Amino acid sequence: MKFSRLTHDPAALIELFEQGLTVLGAVHERPWHDRLQLIAEGPSAKLWNSDGTFVETELHFSPADTTGPREADKEVFPGCPLTFRLAEALRHSPMPLERIVLRPLDSGNVPAPESAEKVWHQQFAGSSRWHMEGPFKAAWHFSLLSLVRCEIQAIDQHWSLHRLVLSLPQGEQDESLSAAFDFAQVDPDPQNPLDWPSIEHSHLRPLLQSALEQDLAENLASIRLRQQNYLHRELERIDDYFEAYERELLDRQSRSQSESTKMKTNERLAAARAEHQRRRQDQVQRHEIRLIPHLD
């Protein structure tokens, strides 16, 4: 489930920074509705200095339509690096695996046989026969839920937020639980005994990667098409330049009678062809798409 992008809200952001910086140990004061003065050292200061040295500064939470140059270390604006650094600093490392039991979202109602048969045929389209051997019985179903921020590095940088709910152990996406999770309630004292499955972290990585790629398929398709168009244009420009240069060298070589000139021309041709391939490979690397997930 991909979340809709939030609008830039300076009031919500200043509350986020107040709470987040307090957790990280900074001291702050709000002198104005869109200003935050702070003193930070250690973990909180790493938002500005990688070594955590002392910082005293004022942050300005500017509206989205503000024009003019930005100060990335003193201003919070859409896509501001300080916001992402704060999110990274607030994450636990290593990530804890928390276990919770949810109350049934449908009050535990047993489905009618007709409804169950319909769902069965939807899930197993190749089956022709349906037969219930006994009544429905309550059982535990285990899912992995994760919140993932995704960074796509291309010509432009793209960010998105995803809630991934995977049915275990196969890892199919459970879109219904993902959409209804905001309304779920925790069951602090489940009545039936519960035997939690063992989780291998190495097994979860490919499941999460596959689910994220499915969520991003539409976005990646449009980004890939644009990257290919840009790359095609750049490769054509490079090819035209070096082909013209090689024609000029060959033309000079054909008119020259000097062996030393012909030898130098051959050396230039070899260097030009090597440089041609290097420039092409450089453009291919520049137009790669990098997908970087951040598990929150």
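Structure's up top.
If you're wondering where the values come from, they're calculated on a predicted model, not measured in any experiment.

### Details of the packing of aromatic side chains
Logical step 1: Taken as a whole, this structure holds six aromatic pairs when the rule is applied.
Logical step 2: Plain terms: the ring middles of Phe-17 and Phe-61 are 5.4 Å apart, the flat faces sit at 75° to each other, and that makes the pair edge-to-face. One end of the pair, Phe-17, is in helix H1 (residues 10-24); the other, Phe-61, is in strand S3 (residues 55-61), with 44 residues separating them in the sequence.
Logical step 3: Residue Phe-61 is classed as buried on the basis of its relative accessible area of 2%.
Logical step 4: Ring centres of Phe-142 and Trp-196 lie 5.8 Å apart, and the angle between their planes is 55°; on these two criteria the pair is classed as tilted. Here Trp-196 lies in the loop between helix H4 (175-180) and helix H5 (201-215) and Phe-142 lies in the loop between helix H3 (113-123) and strand S5 (143-153), a separation of 54 residues in the sequence.
Logical step 5: On the basis of relative accessibility, which here comes to 32%, the residue Trp-196 falls in the partly exposed class.
Logical step 6: An aromatic cluster is defined as three or more aromatic residues linked by ring pairs; in this entry it consists of Trp-120, Phe-124 and Trp-130.

### Digging into helix H6 (residues 217-255)
Logical step 1: A rise of 1.5 Å per residue sets the reference length of H6, with its 39 residues, at 57 Å; its end C-alpha atoms lie 56 Å apart and thus fit the reference within 8%.
Logical step 2: If you check which residues of H6 are buried, you get Leu-220, Ile-223, Gln-227, Leu-231, Glu-234, Leu-235, Ile-238, Asp-239, Phe-242, Glu-246, Leu-249 and Gln-253.

### Things to note about the nonpolar core
Logical step 1: Core analysis: the biggest nonpolar cluster contains 20 residues, and Phe-17, Leu-21, Trp-48, Leu-59 and Phe-61 have the highest contact counts within it.
Logical step 2: Secondary structure elements with two or more residues in this core: H1, strand S2 (35-40), S3 and helix H2 (81-90).
Logical step 3: Here the element with the most residues in this core is H1; it accounts for five residues.
Logical step 4: Non-local contacts of Trp-48, meaning those with residues more than four positions away in its chain, are made with Leu-21, Leu-38, Val-55, Thr-57, Leu-59, Asp-73 and Leu-82.
Logical step 5: The next biggest cluster of nonpolar side chains, apart from the first, holds 16 residues, and it includes Ile-152, Leu-207, Ala-211 and Ile-223.

### Details of the side chain of Glu-75
Logical step 1: With respect to the helices and strands, the residue Glu-75 is situated in strand S4 (residues 75-76).
Logical step 2: Within polar-contact distance, the side chain of Glu-75 engages the side chain of Ser-62 at 3.0 Å.
Logical step 3: Engagement of the side chain of Glu-75 in a polar contact is seen with the side chain of Arg-70, the distance being 3.1 Å.
Logical step 4: In this view, Glu-75 contacts His-60, Ser-62, Thr-66, Pro-69, Arg-70, Cys-80 and Leu-82; residues no more than four positions away in its chain are not counted.

### Topic: H1
Structural remark: α-helix, 3.6 residues per turn; residues separated by three or four positions point the same way.
Logical step 1: Its 15 residues give H1 an end-to-end C-alpha distance of 21 Å, which sits within 8% of 21 Å, the value for a rise of 1.5 Å per residue.
Logical step 2: Residues of H1 that are buried: Leu-13, Ile-14, Phe-17, Glu-18, Gly-20, Leu-21 and Leu-24.
Logical step 3: Tucked into the core, H1 has its buried residues touching strand S1 (27-32), S2, S3, S4 and H2.
Logical step 4: The backbone nitrogen of Ala-11 has a side-chain oxygen 3.2 Å away, supplied by the residue at the start of H1, namely Asp-9.
Logical step 5: Of the residues one or two after H1, Gly-25 is the one with positive phi, at around 100°.

### A closer look at unusual backbone geometry
Logical step 1: Between Leu-168 and the following residue, Pro-169, the backbone shows a cis peptide bond with an omega angle of 10°.
Logical step 2: Tracing the chain through its elements places Pro-169 in the loop between strand S6 (157-167) and strand S7 (172-173).

### A look at the sheet that holds S3
Logical step 1: If you walk across this open sheet you meet the four strands as S1-S2-S3-S4, and the pairing is mixed. Edge strands, defined here as strands with exactly one partner in the open sheet, are S1 and S4.
Logical step 2: Relative to S4, S3 runs parallel, the two being bridged by two bridges. Paired with Phe-61 across the bridge in S4 is Val-76.

### A closer look at the pairing of S6
Logical step 1: Most of S6 sits out of view: eight of its eleven residues are buried.
Logical step 2: The pairing of S5 with S6 spans eleven bridges and is classified as antiparallel. When the sheet's bridge partners are listed, Leu-147 is paired in S6 with Arg-163.
Logical step 3: The turn linking S5 back onto S6 is made up of three residues.
Logical step 4: Sheet topology note: the S6/S7 ladder contains two bridges and is antiparallel. Residue Leu-166 lies in a different strand from S7, and its bridge partner there is Gln-173.
Logical step 5: Hairpin connection, S6 to S7: the antiparallel pair is bridged by four residues, and Gly-171 has positive phi, about 95°.

Conventions used here
In every chain, residue numbers begin from 1 and rise along the written sequence. Per-residue local features are limited, in this predicted model, to residues with pLDDT of at least 70; the limit for side-chain atom pairs, both in listing and counting, is 80 or more; totals at the level of whole chains, interfaces and linings are taken over all residues. Calculated side-chain values reflect all of the structure's heavy atoms, with hydrogen atoms and water omitted. Pairing of aromatic side chains requires ring centres within 6.5 Å, counting the rings of Phe and Tyr and the six-membered ring of Trp. Pairs whose planes differ by under 30 degrees are stacked, by over 60 edge-to-face, and all others tilted. Here a helix means four or more residues in a row that DSSP labels H or I, a strand means two or more in a row labelled E, and each is numbered from the N terminus. The buried label applies to any residue whose accessible area, calculated with a 1.4 Å probe on protein chains only, is under 20% of its type's maximum; exposed applies above 50%, and partly exposed to all values in between. By this rule, a helix spans an expected 1.5 Å times one less than how many residues it contains. Residues belong to a common nonpolar core when they are buried Ala, Val, Leu, Ile, Met, Phe, Trp, Tyr or Cys residues joined through side-chain atoms within 4.5 Å. Contacts are residue-level and defined by heavy atoms, with any inter-residue pair within 4.5 Å sufficient. Residues adjacent in sequence count toward polar contacts only when both atoms are side-chain atoms; beyond that, a polar contact is any pair of N or O atoms within 3.5 Å, and within protein one must be able to donate a hydrogen and the other to accept it. Strands are labelled as partners when DSSP assigns at least two bridges between them.

Function cannot be read off these values alone, since they describe shape.
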